[in-house]
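One-letter residues, chain by chain:
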Amino acid sequence: MLNYALRRLLVAVPTLFVIITLAFFLIRIAPGGPFDLIPDLDPAAAENLRKAYDLDKPLLEQYGNYLWRLANGDLGPSLAYRDRNVAELIAEGFPVSAQLGLTAMVLGLFGGMLCGIVAALRKNSAVDFTVMAIAMAGVGIPTFVTAPLLTLFFGLYLGWLPLSGWNNGQFAHIILPVVALALPTLAGITRITRGSMLESLGADYVRTARAKGLPEWKVISRHVLRPACMPVVSYLGPAIAGAMTGSVVIETIFGLPGIGRAFVEGALNRDYSLILGIVIVYATLIILLNLLADIIYGYLDPRVRPR
Amino acid sequence: MSTPLLACEDLHVRFETHAGEVHAVKGVDFEVHPGDCIGIVGESGSGKTQTAMALMGLLADNAAASGSVRFREEEILNAPAGQLNRIRGRRVSMIFQDPMASLTPFMRIGAQLCEVLHQHSDMNRDEAKARALEVLEIVQIPEPRRRFGMYPHELSGGQRQRVMIAQALLCEPDLLIADEPTTALDLTIQAQILDFLRSLKKRTTIVIITHDLGVVAGLCDTVLVMQEGRVVERGATETIFNASEHPYTRALLAALPRPKRVQPPEGPSIGTTAPGKSLLRVDDLRVHFPTRVQDRLRSRTVPLKAVDGVSFSVAEGETVGIVGESGCGKSTLARAILQLIGSTGGRIVWQGEDLSGLSRKAMNERRRDLGVVFQDPLSSLNPRMTIGNIIAEPLRRFHPELDREDRDAAVLNALRDVGLDREHRDRYPHEFSGGQCQRVSIARAMILKPRLLICDEPVSSLDASTRKQTIGLLKDLQKKHGVSIIFISHDLSVVRIVCDRVLVMYLGHFVEIADRDILFDSPAHPYTQALISAIPVSDLKAQRQQERIILTGEPPSPTAPPSGCVFRTRCPVATDICSEREPEFRTLENGARVACHHA
Amino acid sequence: MTAPGRSLWQDAMARFRRHRAAMASVWIMGAITALAIVVPEFWPNSLDEVNWDYLESPPTADNYLWFGTDVNGRDMFSRTFYGARISLTIGVLTTLVALVIGVAYGAIAGYRGGTPGDLMMRVVDVLYSLPALFFVIILVTVFGNSFLLIFLCIGAVEWLTLARIVRGQTLSIKEKEYVESAMAAGLLTPTILLKYIIPNVIGPVIVYVTLLIPINIIVESYLSFLGLGVQEPYTSWGRLISQGADEIGTAPWLLIIPAAFLVITLFCFNFIGDGLRDALDPKDRTR
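Rules of the game
Residues numbered from 1 in each chain as written. Chains lettered and ligands numbered in written order. Predicted model: local features only at pLDDT ≥ 70, side-chain atom pairs only at ≥ 80, totals over all residues. Heavy atoms only, no water. Helix = DSSP H or I, 4+ residues; strand = E, 2+ residues; numbered from the N terminus. Buried < 20%, exposed > 50% of the residue type's maximum accessible area, 1.4 Å probe, protein only. Areas by Shrake-Rupley, 256 points an atom, 1.4 Å probe, with all protein chains shown as cover. 1 Å grid on protein atoms, 1.4 Å probe; cavity = no way out; pocket = protein on both sides within 12 Å on 5 of 7 lines; lining within 4 Å. Points joined across faces, edges and corners; volume = space filled by probe spheres on them. Pairing = 2+ DSSP bridges. pLDDT = per-residue confidence, 0-100. Contact = heavy atoms within 4.5 Å. Buried area = accessible area lost by both parts, 1.4 Å probe. Salt bridge = Lys/Arg side-chain N within 4 Å of Asp/Glu carboxyl O. Polar contact = N/O pair within 3.5 Å; in protein donor to acceptor, adjacent residues only side chain to side chain. Axes fitted to C-alpha atoms, helices over the stretch in contact; angles between N-to-C directions. Right-handed = clockwise from strand over helix to strand, strands pointing away. Phe/Tyr/Trp six-rings, centres within 6.5 Å; stacked < 30°, edge-to-face > 60°. Lys NZ or Arg CZ within 6 Å of the ring centre and 35° of its normal. Expected span 1.5 Å × (residues − 1).

A. Inspection of the overall build of chain C at higher detail. Check the secondary structure of chain C and you find 11 helices and zero strands. Dimensions along the principal axes, computed over C-alpha positions, put chain C at roughly 80 × 55 × 30 Å. Counting the 287 residues in chain C, one finds 55% classified as buried. Per element, the accessible surface of chain C, about 12,200 Å² overall, is 66% carbon and sulfur.

Next comes the structure, spelled out in structure tokens:
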């Protein structure tokens, strides 16, 4: 298992390299530059700025410089906030995004599995139909619709929860963003869990377990749940990517100081080094989390476990 | 008479489906007394499996059972799970058909065995493990301690079925119900498991559910024959086999092969004409597939030797049978001859030219003389095309000059040849039964009047009665058109009816080549002998007198074949020389050719 | 057995017509599409005309302001259906782009098979593990947000799943015995591709395409929501929702109306997709 993880990590390095290269050149071949948006900037000053940030060098040299600095852990200076560097900006925003994303993923994963299991065990009951109707809505409605609607209802209409702001991650402030972010994941996992539970309940080996005389709860907990988890684990990869996308919107709507919002602002300001830095962070996270999901999958299913 | 162990009265099972109610079991009565061994026999859809499931409360959610089932006077039909669980696994155990699907794939064998003991006894961990290992010994699993910690997918099919049996025997049940226990297994493994079940008769009462009368013949004292949800005949096994009254039972019996020294039922074999000149010659053909083996951080590539140096020839008008168990390379051989798979070495000489050296285009031209019929009837036909278009396809390819009317006429002719009607022409494959689909496949293969027809397990997925008709059809077509046939099958009884000459294949090699009668009457190779002794026959006396050769173990992997003779690891007569030298083919006095140091 | 045979397509059509939710969705989508075509052309209030007397007015029967007006007094009825026009067009066009790339890539990877095919899919795997929206955002920032570029960008990113489906299907169908039979019968490669592989691959592709349209509508809405999509005075549902979200305290209809149309559309496409899936690939297909 350790070998397998190591091998996957070895593959991850070139993958990351490809992504960095792709993102770097995509951004640089664009017409226009980061300083076009500064009003009344005279050409000489612009030239100076370009020089200061190495943007006047040939593209390949810039690329080489970037990689070299990256290898030394330096993500470079921000082009829009000229007194800050990218690493600082990311270090500020990351804890916010991580807390938001992690809480939402935990809620989505466990909440979704619980709902799915209950719905499957009470198949075709009122509980099942209610849960599945909500799940269908959750899958279908995008976060940028649910989030304002939640704010409208719980924030404005009922007045229970604050409308926006982070306030150092105070509980009341993170409820709405977390729920809005978790909802699509929760709904997706509910649907998948229910489907895989039903499939697993119909398997031949479950019949064998019943024929052994095991009580129903033992049949479910030992022979049904584990295979039912597997499609959920393989859904985690896309779910993580989805949640990261969602967090960009959620942070914008609720005005949370995370890296998602920084990314959007960076895109609007053409802050190349910030965008690139955040892409690297996200890509690394996604690769690591996918690796984790694969390892869990291998743990759950001995048939795909590498020897 | 003693009180019955299990009494089933007027049992009905109904299924609620989208298409309405299906009445699967329609009033079944029977009693099982201690020490009995009862066989319940019927074709698929006869309700035999649903009967067994109803007994144990294992029916699907959409099924309802009514009537009465008493176990030692206690009513258990539709009993609450708590009551059933005192009986299930402890006093009545079950063995299911497909051991791969019926064992939980992600639990170790040991854990699956021990949980039965923990449930039904107060054994502690060590006691349970000791008992589980003891039972694994009883079911003759090699290295039980090692297997104890393995997962089902790491065992072979036969071993998995032994684990199923061990699981059933753990609590020394009063009654053992086995649902098709050997159907998913290869012939020699099937013989091993049947032999073991026979030895179990002394220990426990057994009910066997099967479609195969041959299984019943060697094992059971009493037989129930089921058809369409009803028991149509019951009696002692001797009576059923020797003096059955019901036409359905007789039809089932008729589908079984006859014992030795009786002429095959349908008169003389197909190619009674003297063998003509050679049509196809295969010389030292090898097909190796590179397979990757993961080994620490690196992966190595090792050849999987699916076909490893086989030579034979087919004469004009001849029918050659190739038999072997699954994985022996017989289907790969067929595809290699057709050049659907590239060969690694050797020659395939077709009418004087080597097919393996031809360009794609030139090879495609040769295909007009080569027909093929595959195993799975439905997946052999393009679901998006009508039957008429499917059959006409080769005509369009090789006779583009034909106009629509000529082509239609040819298709209608072909349909008639295989016993289908003209209105079938505009229908689609999914509207047909398996047997009909196979007729369409045959019609397509025969429409260009090929000189050689290769049939890969053409009847294996068909019911007994359909199988017989399809074989008859092939024989008629051969008589009419004089085509040569290579007939590939794992089923010796079918090969015996169809073929002039039989080639026995094991692990990518031929081990014996002989004329049919010689092969079946006096098999020379130990493997052939074992295969033939495992064929179930309809004559009960013959069946019981027949000397059985039970092979031990299972075929080794084709990625690591044994040195010397490939069969030596399972051979009852193997000696030192077998591991040192690969046996050459020798011709015996009766004309059979055999590759064995001891034959 | 005297009636002429019914092909799988005919069977599928009949099954689809029996799927009530899917049929209702088809009608609803037909209506929304018709309005999206007609309203911006013929409605008395145009999309950028300011009604000074009705700034941020709730829905009213006056002056045909059935959906009210926004902060600038512009008619929401007109704007909603103009937004529908943009959103639906982008949804369909981006899907077409994705379809072309995905089918070509997947079919080549599948039919070619072997190491090159595997390599092609490794590339897809790598791209797949990235959140697509990030790349769309980069692409849009880089190349500016013109209408043409937006749909090219979305399409260029959303083809991955399609490529996987097509390759998986092609691979499994290539192994089917009917394709082997066709090869053994000496049929030529173009015939095999056209008559044996493509017709059997196409079912799941159609289903996925109906599901991809709403996904792409959402992606465009995300972009517009973040201010990276279509620009004033043009609008799309995402942009309307974004503007509505800002005014949520004072004028909830600005959010609720476009959001309702967007959600209805998403559900309709999902129902149609479900209906097509049931119709094209029924698990309990009776023989």
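B. View of empty space enclosed by the protein. This structure, assessed with the given rule, holds six cavities of 30 Å³ or more. Considering only enclosed or pocket space, the largest cavity measures out at about 120 Å³ in volume. Forming the boundary of the largest cavity are 14 residues, of which L370(B), G371(B), R444(B), A445(B) and A185(C) lie nearest the centre. Of all the secondary structure elements, the ones that give two or more residues to the lining of the largest cavity are strand 16 (370-373), helix 14 (387-398) and helix 16 (434-446) of chain B together with helix 8 (177-184) of chain C. The element that contributes the greatest number of residues to the lining of the largest cavity is strand 16 of chain B, accounting for three residues. By volume, the second largest cavity is sized at about 80 Å³. Taken together, T208(A), A211(A), K212(A), G89(B), S93(B), M94(B), V116(B), M164(B), Q167(B) and A168(B) make up the full set of residues lining the second largest cavity. Looking at the lining of the second largest cavity, the elements with two or more residues in it are helix 8 (204-211) of chain A together with strand 6 (92-95) and helix 7 (157-169) of chain B. Among the elements that make up the lining of the second largest cavity, the one with the highest residue count is helix 7 of chain B (three residues).

C. Molecular detail of the sheet that holds strand 22 (residues 593-594) of chain B. All names here are of chain B. With mixed pairing, eight strands are arranged side by side in an open sheet as 16-17-18-13-19-20-22-21. Each edge of the sheet is formed by a strand with only one pairing partner; in this case those strands are strand 16 and strand 21 (586-587). Both strand 16 and strand 17 (residues 452-456) contribute to a ladder of four bridges, which runs parallel. Looking at the pairing, V373 lines up with C455 of strand 17.

D. The confidence of the model for chain C, seen in detail. Residue and element names in this part refer to chain C. When pLDDT is averaged along chain C, the result is 79; 91% of the residues meet or exceed 70. Averaged over each element, pLDDT in chain C is lowest for helix 5 (residues 132-143) (71) and highest for helix 8 (89). Confidence over residues 283-287 falls short of pLDDT 50; this stretch has eight contacts with residues more than four positions distant or in other chains. This prediction of the complex comes with two scores: 0.76 for pTM and 0.75 for ipTM.

E. Layout of the interface of chain B and chain C. The interface is formed by 33 residues belonging to chain B together with 29 residues belonging to chain C. Both faces considered, chain B and chain C share a buried interface measuring about 2,900 Å² in area, 53% of it formed by carbon and sulfur atoms. Per-residue buried area on chain B facing chain C is highest for R384(B), R427(B) and H430(B); these three make up 24% of the total on that side. Joining chain B to chain C, the criterion identifies three salt bridges. Counting every contact that joins chain B to chain C gives 13 residue pairs in polar contact (both at pLDDT 80 or more). When residues of the side of chain B that touches chain C are traced back to their parent elements, those giving at least two are helix 13 (360-366), strand 16 and helix 14 of chain B. No other element matches the five residues that helix 14 of chain B contributes to the side of chain B that touches chain C.

F. Seen up close, the sheet that holds strand 10 (residues 230-236) of chain B. Residue and element names in this part refer to chain B. Strand order in the open sheet formed by six strands is 6-7-8-3-9-10, and the pairing between neighbours is mixed. Whereas interior strands pair on both sides, the edge strands pair on one side only; in this sheet they are strand 6 and strand 10. Strand-to-strand twist in this sheet, taken as the mean axis angle between neighbours without regard to direction, amounts to 15°. As paired strands, strand 7 (residues 175-179) and strand 8 (residues 205-210) are joined by five bridges and run parallel to one another. By the bridge assignment for strand 8, D179 is matched with I209. Sheet strands touched by helix 7: strand 6 and strand 7. Its angle to strand 6, the strand with the most contacts, is close to 175°. Strand contacts of helix 11 (residues 247-254): strand 3 (37-41), strand 9 (222-227) and strand 10, with the helix running at about 105° to strand 9, the strand carrying the most contacts.

G. Local environment of the pairing of strand 17 of chain B. All names here are of chain B. The buried count for strand 17 comes to five of five residues, which makes it a mostly enclosed element. Of the two faces of strand 17, the one lined by L452, I454 and D456 and the one lined by L453 and C455 are each fully buried. In this sheet, strand 18 (residues 484-489) lies alongside strand 17 in parallel orientation, the contact comprising five bridges. From the neighbouring strand, L452 faces strand 18, where its bridge partner is S484. Taken together, strand 17, helix 17 (residues 464-481) and strand 18 form a β-α-β motif whose crossover is right-handed.

H. View of the pairing of strand 3 of chain B. Residue and element names in this part refer to chain B. With five of its five residues buried, strand 3 lies for the most part within the structure. The alternating pattern of strand 3 places C37, G39 and V41 and I38 and I40 on opposite faces, both of which are buried. Of the strand pairs in this sheet, strand 3 and strand 8 are connected by five bridges, and their pairing is parallel. Following the sheet pairing, G39 is matched in strand 8 by I208. Pairing of strand 3 with strand 9, which is carried by four bridges, proceeds in the parallel orientation. Pairing of G39 across the sheet is with V223, part of strand 9.

I. Region of the structure containing the packing of aromatic side chains. As enumerated under the stated definition, the model contains 15 aromatic pairs over all chains in all. For the ring pair F24(A) and F25(A), a centre distance of 5.3 Å and an interplane angle of 80° mean the geometry is edge-to-face. The buried category is assigned to F24(A), whose relative accessible area is 1%. Chaining the aromatic ring pairs together yields one cluster made of F24(A), F25(A), Y63(A) and Y66(A). Here the basic side chain of R397(B) rests over the ring of F398(B), its NZ or CZ set 4.4 Å away from the ring centre.

J. Unusual backbone geometry, seen in detail. All names here are of chain B. Its identity is not glycine, yet Q140 carries a phi of approximately 60°, on the positive side. Note that Q140 resides in the loop between helix 5 (125-138) and helix 6 (144-148). Backbone geometry places K449, a non-glycine residue, at a positive phi of 50°. When you line up the elements, K449 lands in the loop between helix 16 and strand 17. Overall, the relative accessible area of 47% leaves K449 in the partly exposed class.

K. Spatial organisation of helix 16 of chain B. Taking 1.5 Å per residue as the helical rise, helix 16 of chain B with its 13 residues ought to reach 18 Å, and the 18 Å between its terminal C-alpha atoms agrees with that figure. The elements touched by buried residues of helix 16 of chain B are strand 16, helix 14, helix 15 (404-417), strand 17 and helix 17 of chain B together with helix 8 of chain C.

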